[in-house]
Amino acid sequence: MQMILVTGGAGFIGSNFVLDWIAGQGEAVVNVDKLTYAGNLNNLTSIRQNPLHHFVQADICDTEKMAALLAQYQPRAIVHFAAESHVDRSILGPGAFITTNINGTFSLLEASRAYWSALPSDEKAAFRFLQVSTDEVYGTLSADDPAFSETTPFAPNSPYAASKAAADHLVRAYHHTYGMPTLTTNCSNNYGPFHFPEKLIPLVITNALAGKPLPIYGDGQQVRDWLFVNDHGAAIREVLAAGTPGETYNIGGWNEKTNLDVVHTLCALLDELKPKADGSSYQTQITYVKDRPGHDRRYAIDARKIERELGWKPRETFETGMRKTVQWYLGHQEWIADVQSGDYLKWVEQNYAGRTAATEPQ
Ligand code: NAD
Ligand code: TYD
């Protein structure tokens, strides 16, 4: 029986990918996740009893364990999501990003190379290692720069982005040097169900519903290119199935929005779907706070290569995706309560306590 191995499949994007894979592909998945603060088995409740899903709690930095899992499950492909993924955490504590994103990817590559080298020649040719990465490796754009393409030079600005860039370089080197059939995807900001509420969109929804301030860093005019998470999963499936080994594919939503636009959209949706008892808008909770150090001004993805070569383009518009997202959070209060545990509260205190609040940009 064929199967794939996914790392980080209990996190936001990985769990959405695994759920869609099980529902649509009928092929087994071994899901390897350390279950850090960001990993959540509640994301996978609907496939807990599904025989196509094998969950293993393990650290990608443990090369021997990775080698043992590859020998045991014999996957035809690896889709590598596992990472430390939050820029603000990388600013307050970069060490974990170096360990997991760089050393962990290296350790997984080494275990994969040993496994792949020993495969029979037809399986060796068909094997794929897919590195899931970010547009943040390309750095920042000014308002009139063209969007990031696959040939834009890397210029990462945060410890998170630098650690992902390093991992992308290692993956590239394993293709160039050893001939390992690797693929890399660099995607823009995702949003959707199961998004941990430390990131902008789920933080704003959950804070709004809890009557708390909606913190805008700096002037709120930073631009991100938003993509609904299931569209990202569909793009990864296309690249895995038909991408050319050694190639990179940029994935984006063609949805450039300022942070303030995003927050206004969320407030309007919440005003419609869950109006406040006093009749006021959630917009009254918007608060300007001190900016993120080294804050990238604009990200934008030129996603023409993946559309031209693999026929992928996003299905959700910003409007349909955001509505689905807000509806999902409104219907999953228990999931929210569960992730907002002691550790989460400590993070909120650490990240926001030193940022004085104001009604105008600071
Ligand atoms: P996430 O933080 O929600 O999930 C990361 C998952 O990896 C968690 O389940 C965590 O337990 C697991 N993990 C962390 N360290 C591990 C380790 N050492 N060993 C095994 N598992 C470990 O992240 P996400 O937002 O789902 O992002 C997934 C991937 O997609 C990352 O590689 C990220 O760089 C990339 N990406 C994210 C976005 C985005 O907008 N979130 C955009 C583009 C690319
Ligand atoms: P985030 O969701 O952390 O993603 P990334 O930094 O990887 O793009 O942040 C998205 C944007 O929202 C980014 O410009 C930072 C901004 N932001 C705020 O203004 N306030 C917040 O409380 C957070 C978490 C983010």
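The structure we're discussing is the one just above.
Report on the accompanying structure. (Residues numbered from 1 in each chain as written. Chains lettered and ligands numbered in written order. Predicted model: local features only at pLDDT ≥ 70, side-chain atom pairs only at ≥ 80, totals over all residues. Heavy atoms only, no water.)

Before going further, it helps to spend a moment on the site of ligand 1. Taken together, 28 residues sit near ligand 1, with I13, D33, S85, Y160 and K164 positioned nearest. Separating an oxygen atom of ligand 1 from a backbone N or O atom of I13 is a distance of 2.7 Å. Within the backbone of V132, a nitrogen or oxygen atom sits 3.5 Å from an oxygen atom of ligand 1. Relative to its free-state accessible area of 830 Å², ligand 1 is covered by the protein chains to the extent of 97%. (Near = heavy atom within 4 Å. Polar contact = N/O pair within 3.5 Å; in protein donor to acceptor, adjacent residues only side chain to side chain. Areas by Shrake-Rupley, 256 points an atom, 1.4 Å probe, with all protein chains shown as cover.)

It is worth spelling out the environment of I78 at this point. By secondary structure assignment, the location of I78 is in strand 4 (residues 77-80). Using a relative accessible area of 0% as the deciding quantity, one classes I78 as buried. Setting aside anything within four residues of it in sequence, one finds I78 in contact with L5, L70, L108, S112, F127, R128, F129 and L130. (Helix = DSSP H or I, 4+ residues; strand = E, 2+ residues; numbered from the N terminus. Buried < 20%, exposed > 50% of the residue type's maximum accessible area, 1.4 Å probe, protein only. Contact = heavy atoms within 4.5 Å.)

Close to ligand 2 lie 19 residues; E136, R224, R292, H295 and Y352 are nearest. Y217 places a polar main-chain atom, nitrogen or oxygen, 2.9 Å from an oxygen atom of ligand 2. Within the side chain of N259, one N or O atom sits 2.9 Å away from an oxygen atom of ligand 2. Protein chains shield 97% of the accessible area of ligand 2, which is 510 Å² for the free molecule. Going through the elements one at a time, helix 3 (87-92), helix 7 (200-209) and strand 8 (214-217) are the ones with two or more residues in the shell around ligand 2. Broken down by element, the shell around ligand 2 gets its largest block of residues, 3 residues, from strand 8. For the shell around ligand 2, the residue count by class is 8 nonpolar, 5 polar and 6 charged. (Nonpolar A, V, L, I, M, F, W, Y, C, P; charged D, E, K, R; others polar.)

Attention shifts here to the pairing of strand 2 (residues 28-33). The side chains of a regular strand alternate between the sheet's two faces. With 6 of 6 residues buried, strand 2 lies mostly within the body of the structure. Handedness of the crossover joining strand 1 (residues 3-7) and strand 2 through helix 1 (residues 12-25) is recorded here as right-handed. Sheet analysis places strand 2 next to strand 3 (residues 53-57), joined by 5 bridges and oriented parallel. If you follow N31 over to strand 3, its bridge partner there is F55. (Right-handed = clockwise from strand over helix to strand, strands pointing away. Pairing = 2+ DSSP bridges.)

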